[in-house]
Amino acid sequence: MTKITLKTTTVPVYAHCADSPELKQQFDAFIQELIDPSLSADAMAQALSSGIDDLATVLRPLPVLEGRLIELGIAAVARCNPDLKVLTQNLRLPVSPAALQLVEMNDAENFRALTFDADSVGRKTYTPDFVILNQRTNTAHVVDAKRSVYTYDRLRLDDLQNRMKAAGLILPDFLYKEHRRLNVKEVRVVILTADNRKTDLNGGIWHLSQLDHLVQVEGAGAAIASLQAEFRSRVDEHWKQACAAFAQACHSPIAPPGKSEGTFYEVETDDEDNQSSDDADVMDASGNAQLIKLGFAQAPTRH
């Protein structure tokens with residue numbers, strides 16, 4: 001009896017891939033840029049020699065730096081898809097009381113035909129980490145990236161999402177006026193979190209593993225996880241080198257910790273409190289022919 005072995009191959013779901021030498025070089029440059037100023041082995045050894053206050057000063061910014069690294073990585077991965085335009089600058093979107101009231105008291109179906117004048121100025125503003133615009137479908141995603149939303153209660157998450165949706169109401173007019181007449185037909189909002197302990201795909205809170213679907217790039221989520229792991233590994237290595245150097249200088253052994261996740265990375269900082277001044281009335285553009293859709297990012301279907 002002849003045994004026949006069939007070889008199967010997995011066809012990539014998306015046309016673009018995050019596995020490229022150029023992207024890996026960018027990731028390495030991001031890590032180097034964030035670590036070199038204050039998290040080198042020499043800087044840590046100096047802080048150890050100077051005392052607990054200096055050591056705390058060196059280690060305190062770690063969660064912020066890791067969050068910044070995740071933002072840089074997501075933007076770089078998204079640019080692997082040539083259909084996407086990733087905007088990170090000039091994104092201070094006004095949030096008026098009228099817009100907030102509209103999204104708080106109505107389902108998205110009731111205000112899909114409305115957009116707001118970008119020239120209106122409100123007391124509050126919301127600045128997303130980036131806006132990802134698919135220029136083929138004219139769909140814009142308002143993205144807020146976080147290391148974790150685990151410490152956020154439901155009220156705080158709702159407040160953030162309402163401000164995101166209220167800002168999304170003026171995004172089409174804002175991008176047209178402030179970003180070289182970019183055209184938007186639909187706006188979706190999504191919070192990306194690196195912590196999977198509190199996610200809601202249908203409610204617009206996605207884990208980074210869902211990044212593939214958002215940017216249409218195969219392996220995007222895995223690439224960010226690898227970037228995060230490499231950053232922590234590099235910091236840990238510098239910490240061990242600093243402990244060894246300090247112990248040698250003091251002629252006494254100091255045992256470096258085996259893992260630093262529980263020490264260095266647990267503190268979460270708030271980064272969504274974007275407030276501004278001056279309040280003004282809101283204008284709708286329901287008379288325009290174009291229909292603007294607003295809602296949560298669409299959850300990926302299982303393949």
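Our subject in this report is the structure included herewith. Quantities reported herein were computed from a predicted structural model and do not represent experimental measurements. (Residues numbered from 1 in each chain as written. Predicted model: local features only at pLDDT ≥ 70, side-chain atom pairs only at ≥ 80, totals over all residues. Heavy atoms only, no water.)

### As for the pairing of strand 5 (residues 130-134)
For a regular strand, side chains alternate in direction, first toward one face of the sheet and then toward the other.
Link 1 in the chain: In terms of burial, strand 5 is a largely internal element, five of the five residues being buried.
Link 2 in the chain: Burial along strand 5 is two-sided: the face carrying Phe130, Ile132 and Asn134 and the face carrying Val131 and Leu133 are both buried.
Link 3 in the chain: Looking at chain direction, strand 2 (residues 84-87) and strand 5 are connected through four bridges and run antiparallel. Residue pairing in the sheet places leucine 84 in a bridge with asparagine 134 of strand 5.
Link 4 in the chain: Linking two consecutive strands that pair antiparallel, namely strand 5 and strand 6 (residues 139-146), is a turn of four residues; a positive phi of about 60° is found at asparagine 138 within it. (Buried < 20%, exposed > 50% of the residue type's maximum accessible area, 1.4 Å probe, protein only. Helix = DSSP H or I, 4+ residues; strand = E, 2+ residues; numbered from the N terminus. Pairing = 2+ DSSP bridges.)

### Thoughts on the environment of valine 184
Link 1 in the chain: Tracing the chain through its elements places valine 184 in the loop between helix 7 (171-178) and strand 7 (186-193).
Link 2 in the chain: Given a relative accessible area of 1%, valine 184 falls into the buried group.
Link 3 in the chain: Here the alpha-carbon distance between valine 184 and threonine 139, two residues 45 residues apart in the chain, equals 6.0 Å.

### Structural notes on the side chain of serine 20
Link 1 in the chain: Residue placement: serine 20 occurs in the loop between strand 1 (16-17) and helix 1 (21-35).
Link 2 in the chain: For serine 20, a relative accessible area of 17% translates into the label buried.
Link 3 in the chain: Reaching out from serine 20, the side chain makes a polar contact with the backbone nitrogen of leucine 23 at a distance of 3.2 Å. (Polar contact = N/O pair within 3.5 Å; in protein donor to acceptor, adjacent residues only side chain to side chain.)

### Re the packing of aromatic side chains
Link 1 in the chain: Going through the model one piece at a time under the given rule, you end up with one aromatic pair.
Link 2 in the chain: Ring geometry for phenylalanine 27 versus phenylalanine 30: centroids 6.4 Å apart, planes at 40°, classification tilted. A residue pair is termed a helical-turn pair when its members lie 3 or 4 positions apart in one helix, as phenylalanine 27 and phenylalanine 30 do in helix 1 at three residues.
Link 3 in the chain: Given a relative accessible area of 10%, phenylalanine 27 falls into the buried group.
Link 4 in the chain: The exposure class assigned to phenylalanine 30 is buried, which follows from its relative accessible area of 14%.
Link 5 in the chain: The cationic tip of arginine 156 hangs over the ring face of tyrosine 152; the distance from NZ or CZ to the ring centre is 3.9 Å. (Phe/Tyr/Trp six-rings, centres within 6.5 Å; stacked < 30°, edge-to-face > 60°. Lys NZ or Arg CZ within 6 Å of the ring centre and 35° of its normal.)

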